[in-house]
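Listed here are the chains, written in short residue letters.
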Amino acid sequence: MASALPPATGRELSNPPSDGISNLRFSNHSDHLLVSSWDKSVRLYDASANVLRGEFMHSGPVLDCCFHDDSSGFSAAADNTSLVGHRLVVATAGRHVNIYDLRNMSQPEQRRESSLKYQTRCIRCYPNGTGYALSSVEGRVAMEFFDLSEASQTKKYAFKCHRKSEAGRDIVYPVNAIAFHPIYGTFATGGCDGYVNVWDGNNKKRLYQYSKYPTSVAALSFSRDGRLLAVASSYTFEEGPKPHEQDAIFVRSVNEIEVKPKPKVYPNPPA
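Residues numbered from 1 in each chain as written. Predicted model: local features only at pLDDT ≥ 70, side-chain atom pairs only at ≥ 80, totals over all residues. Heavy atoms only, no water.

A.B. asks: Before we go on, may I ask you to explain the sheet that holds strand 9 (residues 87–92) in this structure?
C.D. replies: Strands in a sheet are paired, the pairing made by backbone hydrogen bonds, and the direction either parallel or antiparallel. Pairing is antiparallel across the open sheet formed by 4 strands, whose spatial order is 8-9-10-11. Edge positions in the open sheet fall to strand 8 (81–84) and strand 11 (110–113), since each of these has one partner strand only. For this sheet, the mean angle separating the axes of adjacent strands, direction not counted, is 20 degrees. (Pairing = 2+ DSSP bridges. Helix = DSSP H or I, 4+ residues; strand = E, 2+ residues; numbered from the N terminus. Axes fitted to C-alpha atoms, helices over the stretch in contact; angles between N-to-C directions.)

A.B. asks: In this structure, what is going on with the nonpolar core? I would like to understand it.
C.D. replies: The nonpolar side chains of a soluble globular protein tend to be buried, and buried together. Counting residues in hydrophobic clusters, the biggest one holds 17 residues, and the most contacted among them are Val 196, Leu 220, Phe 222, Leu 229 and Val 231. Of all the secondary-structure elements, those providing two or more residues to this core are strand 18 (175–180), strand 20 (196–200), strand 22 (217–222), strand 23 (228–233) and strand 24 (248–253). Here the element with the most residues in this core is strand 22; it accounts for 3 residues. Ala 218, Ala 219, Ala 232 and Val 251 belong to the second largest nonpolar core, which has 15 residues in total. (Core = buried A, V, L, I, M, F, W, Y, C linked by side-chain atoms within 4.5 Å. Buried < 20%, exposed > 50% of the residue type's maximum accessible area, 1.4 Å probe, protein only.)

A.B. asks: Mind showing me how you'd approach the sheet that holds strand 21 (residues 205–209) here?
C.D. replies: If you walk across this open sheet you meet the 4 strands as 18-19-20-21, and the pairing is antiparallel. The sheet terminates laterally at strand 18 and strand 21, the two strands that pair on one side only. Sheet twist, expressed as the mean angle between neighbouring strand axes with direction ignored, is 25 degrees. Pairing analysis gives 5 bridges linking strand 18 to strand 19 (residues 187–191), with the strands arranged antiparallel. Directly across from Ala 177, in strand 19, lies its bridge partner Gly 190.

A.B. asks: Just checking my understanding: could you explain the packing of aromatic side chains for this structure?
C.D. replies: Pairs of aromatic rings are described using the distance from one ring centre to the other and the angle between the two planes. One pass over the structure, following the stated rule, counts 10 aromatic pairs. Plain terms: the ring middles of Tyr 132 and Phe 146 are 5.9 Å apart, the flat faces sit at 45 degrees to each other, and that makes the pair tilted. Taken together, the positions of Tyr 132 in strand 13 (residues 131–136) and Phe 146 in the loop between strand 14 (140–145) and helix 1 (150–153) put the pair 14 residues apart, joining distant regions of the chain. Phe 146 gets classed as buried once you look at its relative accessible area, which sits at 2%. Note on Phe 180 and Phe 187: the rings are 5.3 Å apart at their centroids and 45 degrees apart in plane angle, and the pair reads as tilted. Of the two residues examined, Phe 180 and Phe 187, each falls in the buried class. Through successive ring pairs, a cluster of aromatic residues spans Tyr 126, Phe 145, Tyr 157, Phe 159, Phe 180, Phe 187 and Trp 199. We note Arg 87 situated over the ring of Phe 146; from NZ or CZ to the ring centre the distance is 4.6 Å. Above the ring of Phe 145, the side-chain terminus of Lys 155 is found at 5.1 Å from the ring centroid. (Phe/Tyr/Trp six-rings, centres within 6.5 Å; stacked < 30°, edge-to-face > 60°. Lys NZ or Arg CZ within 6 Å of the ring centre and 35° of its normal.)

A.B. asks: What should I look at first to understand the pairing of strand 10 (residues 96–101) in this one?
C.D. replies: For a regular strand, side chains alternate in direction, first toward one face of the sheet and then toward the other. Of all 6 residues making up strand 10, 5 are buried, and the element is well covered by its neighbours. Bridge count for strand 9 against strand 10 is 6 bridges, and the pairing is antiparallel. Residue pairing across strands places Leu 88 opposite Tyr 100, the latter belonging to strand 10. Strand direction decides the pairing type here: strand 10 and strand 11, joined by 4 bridges, are antiparallel. Residue pairing across strands places His 96 opposite Glu 113, the latter belonging to strand 11.

In structure tokens, the structure reads:
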């Protein structure tokens, strides 16, 4: 008898947090997955085996987490930070962005204001270390560069996403999550519309859209080799308290066609 195909959303992990999922991160050494939550917990899963390996309770909600090594990590009551090389990027209130050099944390290396007009929801550095992507509550993502030269700054841009037209009006959803693919440098975004989109930032094109998740996509993470994508399906209270689907973590296999940039096609020159 043929085995049943996994659901289009991916395999759901057992023993999810009991309240909103704030973030999730894959290890750089294995398929271990660290998950932080408003239920005051940080959980460590073996995503491939679908096993909860450990749980640590805090005194208050945990808004972010990351690995130190394969079996230990950090957690914090602050969100919207990203690290690449020796640079730490922090998005703060009032749409401000501070960029620190870890070798000298006495003051920011750069202080910027978001190029987006509304509240920042997520910030993630490019894997190649040249800049960062930043998303907002108003269905937009900005692509920024660290180098302040005019040549680099002319490359920055922003685009609309996670929107739909209904009865002649635009419905705009917050973009809660950004995750870069470690091999191809393409990236996924997750929004309050329940969708995950994959983008080719260099060619400014959408590559793929996954099937809709049960509720808002609160966080995303690719595994170290890009084979897996972890998706936190967790209502983010963008519409206030209301009945909503249970918080869940899905792990889906990633096909190359979904994340690999497509080569540019140039028109044939006239004969």
